[in-house]
Amino acid sequence: MQVERHGDAESFLADAGDFLLAREAEHNLILGLTSRLRVDPRTYGEDPYFAVARDGGEVVAATMRTPPHNLILSEVDDEAALEPLAADANDVFESLTGIVGPKAAVARMAGIWEARSGQAAHLMLCQRSYSAGQALEPEGVRGTMRPYEERDRELVLAWMDAFVEEALPEAPPEDSAHWLDRRAADPDSGTAIWEDGEPVSMGGYGGLTPNGIRVGPIYTPPELRRRGYASALTAAMTRMLLEGGRRFCFLFTDLANPTSNSIYQRIGYRPVTDIDQWSFR
């Protein structure tokens, strides 16, 4: 088993691109991040890290990281790759905030990292990734979608802070203004508002893959929920992106929230795979 480290997204994709694209939906997070890193290598933080594991010349797994964020693990065709991938990451990083990847493989790699680094691992978030090739817009939801405008800035920043606190309480902190400005600077990303007399929900999209794009985050304040705003906004964004030339839209849900999982399936999303996030302390 050989592990090769890459210094930039271009080199990483030249090595692992075919492996990743063969399961584009499963790898939409990695492919979406690297598409932007090819343009701006430090857009998500410090210099990115990439590694590819090969067995007899065939790619069997890959990892990447944009510090200070989590290490991301690809689908794994041979679990013998996990030990050398962890060793390579440990040569670069004394500690990690966490690791994200396919359920079974990432649990094993979290254990390997815990043994190597001494950091205690705990399962923080169980997610499911979804893909949609169509959008089924719900009926009877009041309001309409419109693009984000500068007058929405303070509201969207407050909503983004509330989203992170509610959905990602242990994630490395990111300034909401930086997130919003990064979205605005990326021609393949955007933010949308669902308006019912006034703004009632927000959504984002970005992370372009060769054939798809990722939808999220989606946020509606608690006092405005159960009115269909989030599902209507998600469906409208999905339709817009598909009609704009994307073959697929992807999104992630928290498996602890059965409501969101059922809502997204009703508007055309189908499960792809389960993704777990482990935190290290």
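Reference entry: report on the structure contained in this document.

Thresholds, definitions, all that
Residues numbered from 1 in each chain as written. Predicted model: local features only at pLDDT ≥ 70, side-chain atom pairs only at ≥ 80, totals over all residues. Heavy atoms only, no water. Helix = DSSP H or I, 4+ residues; strand = E, 2+ residues; numbered from the N terminus. Rg over C-alpha atoms; globule rule 2.2 N^0.38 Å. Buried < 20%, exposed > 50% of the residue type's maximum accessible area, 1.4 Å probe, protein only. Contact = heavy atoms within 4.5 Å. Lys, Arg positive; Asp, Glu negative; His and termini not counted. Charge placed at Lys NZ, Arg CZ, Asp CG, Glu CD. Axes fitted to C-alpha atoms, helices over the stretch in contact; angles between N-to-C directions. Parallel < 35°, antiparallel > 145°, perpendicular 65-115°, else oblique. Left-handed = near helix turned anticlockwise from the far one by under 90°. Nonpolar A, V, L, I, M, F, W, Y, C, P; charged D, E, K, R; others polar. Phe/Tyr/Trp six-rings, centres within 6.5 Å; stacked < 30°, edge-to-face > 60°. Expected span 1.5 Å × (residues − 1). Bend = angle between axes of the 7 residues up to and from the residue. Polar contact = N/O pair within 3.5 Å; in protein donor to acceptor, adjacent residues only side chain to side chain.

1. A look at the overall build of the protein
And then number 1: Helices and strands together make up the secondary structure of the protein, namely eight helices and 12 strands.
And then number 2: Compactness check: the protein gives a C-alpha radius of gyration of 19 Å against a globular reference of 19 Å for 281 residues, within 12% of the reference.
And then number 3: A principal-axis box enclosing the C-alpha atoms of the protein has dimensions of 60 × 35 × 35 Å.
And then number 4: Across the 281 residues that make up the protein, the buried fraction comes to 51%.
And then number 5: Taking the contacts inside the protein whose residues are at least 6 apart along the sequence as the reference set, 69% of them involve residues at least 24 apart.
And then number 6: On the protein, the mean spot of the 27 positive side-chain charges and the mean spot of the 44 negative ones are 4 Å from each other.

2. As for the packing of helix α3 (residues 82–92) against helix α4 (residues 103–117)
And then number 1: Remark: α3 packs on α4, axes separated minimally by 10 Å, with the N-to-C direction vectors making an angle of 50°. With respect to their mutual orientation, α3 and α4 come out oblique. The interaxial crossing formed by α3 with α4 has right-handed handedness. Residues L82, E83, L85, A86, A87, A89 and N90 of α3 touch α4, and the partners they reach there are A105, R108, M109, I112, W113 and R116.
And then number 2: Per-class residue counts for the contact of α3 with α4 are nine nonpolar, one polar and three charged.

3. Let's talk about the packing of aromatic side chains
And then number 1: Applying the stated criterion to the full structure yields six aromatic pairs.
And then number 2: A centroid spacing of 6.2 Å and a plane angle of 40° characterise the contact between W113 and F280, whose relative ring orientation is tilted. Highlighted residues: W113 in helix α4 and F280 in strand β12 (residues 270–280), separated in sequence by 167 residues. With respect to class, W113 is no different from F280; both count as buried.
And then number 3: When the centroid spacing of 6.4 Å and the interplanar angle of 70° are considered together, the rings of Y264 and Y269 count as edge-to-face. This pair shows no difference in class: Y264 is buried, exactly as Y269 is.

4. Quick look at helix α1 (residues 9–21)
And then number 1: The end-to-end C-alpha separation of α1 is 14 Å, well short of the 18 Å expected for 13 residues at 1.5 Å each.
And then number 2: The largest bend along α1 measures about 60° and falls at D15.
And then number 3: The complete set of buried residues in α1 reads A9, F12, L13, D15, A16, G17, F19 and L20.

5. Things to note about the side chain of S201
And then number 1: Here S201 is to be found in strand β9 (residues 199–206).
And then number 2: Looking at S201, the relative accessible area reads 0%, which means it is buried.
And then number 3: Among the polar contacts listed, one links the side chain of S201 to the backbone oxygen of Y219, at a separation of 3.1 Å.
And then number 4: S201 has contacts with W159, A192, I193, W194, Y219, T220, Y229, A230 and L233, leaving out every residue within four places of it along the chain.

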